[in-house]
Amino acid sequence: AEKSDRVTALALAIASLAGKGGVGGTIERAGPLAKCDLETGMVGEFPELQGVMGREYALHAKEPKDVALAIFEHYLPRGATDSLPTGDAGAFLGLAARLDSLCGL
């Protein structure tokens, strides 16, 4: 929960600095949910489904599509040849999550 709080706050700050404060509502909703899929048996058994299952769980819970997309895209890119996020909220959450992990190291 503490990581989710930090990542959400940092993503909001980055979005504001980038002049994209309009995605703040999506970030505020997706941030706390972005890592919830890590607690599932599905992701524990198949780690490559991180984000994929988060998106599906969010859609099943009737979260808005932009929130589900941000949850999925915050894991992108997973490697040098992977796709980039298409939405700002997912990109800012992904950047914030990586910066938080880097600072924690």
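Calculation rules
- Residues numbered from 1 in each chain as written.
- Predicted model: local features only at pLDDT ≥ 70, side-chain atom pairs only at ≥ 80, totals over all residues.
- Heavy atoms only, no water.
- Helix = DSSP H or I, 4+ residues; strand = E, 2+ residues; numbered from the N terminus.
- Buried < 20%, exposed > 50% of the residue type's maximum accessible area, 1.4 Å probe, protein only.
- Contact = heavy atoms within 4.5 Å.
- Expected span 1.5 Å × (residues − 1).
- Arc of directions from axis to C-beta.
- Core = buried A, V, L, I, M, F, W, Y, C linked by side-chain atoms within 4.5 Å.

**Q** Tell me what's going on with the environment of Phe72, and back it up with residues and numbers.
**A** The residue Phe72 is located in helix α5 (residues 65-73) in this model. Residue classification places Phe72 among the buried positions, given a relative accessible area of 15%. Linking Phe72 and Gly19, residues 53 residues apart in sequence, is a C-alpha distance of 23 Å. If we skip the residues at most four places from it in the chain, Phe72 touches Gly51, Val52, Arg55 and Arg78.

**Q** So what's going on with helix α1 (residues 2-17)? Which residues, and what values?
**A** Taking 1.5 Å of rise per residue, the 16 residues of α1 would be expected to cover 22 Å, and the 23 Å separating its terminal C-alpha atoms lies within 8% of that figure. Inspection of α1 places Ser4, Val7, Thr8, Ala11, Ile14 and Ala15 among the buried residues, and these make up the whole buried set. Relative to the axis of α1, the buried residues are bounded by an arc of 130° and lie together on one face. Exposed and facing more than 90 degrees away from the buried side of α1 are Glu2, Asp5, Ser16 and Leu17. On the buried face of α1, the contacting elements are α2 (24-33) and α6 (88-104). Phi for Gly19, located one or two positions after α1, is positive at around 75°.

**Q** Lay out the nonpolar core in plain terms, naming residues and giving numbers.
**A** Residues Ala11, Val23, Ile27, Ala30, Phe92 and Leu93 are the most contacted members of the largest nonpolar core, which totals 17 residues. At the level of secondary structure, the elements contributing two or more residues to this core comprise α1, α2, α5 and α6. Sort the elements by how many residues they give to this core and α6 lands first, with five residues. Among residues more than four places away in sequence, those in contact with Phe92 are Ala11, Ile14, Ala15, Ala18, Lys20, Val23 and Ile27.

**Q** Before we move on, could you go through the side chain of Asp100 and cite the residues and values that matter?
**A** Along the polypeptide, Asp100 turns up in helix α6. Ignoring sequence-local partners within four residues, the contact set of Asp100 consists of Lys3, Arg6 and Val7.

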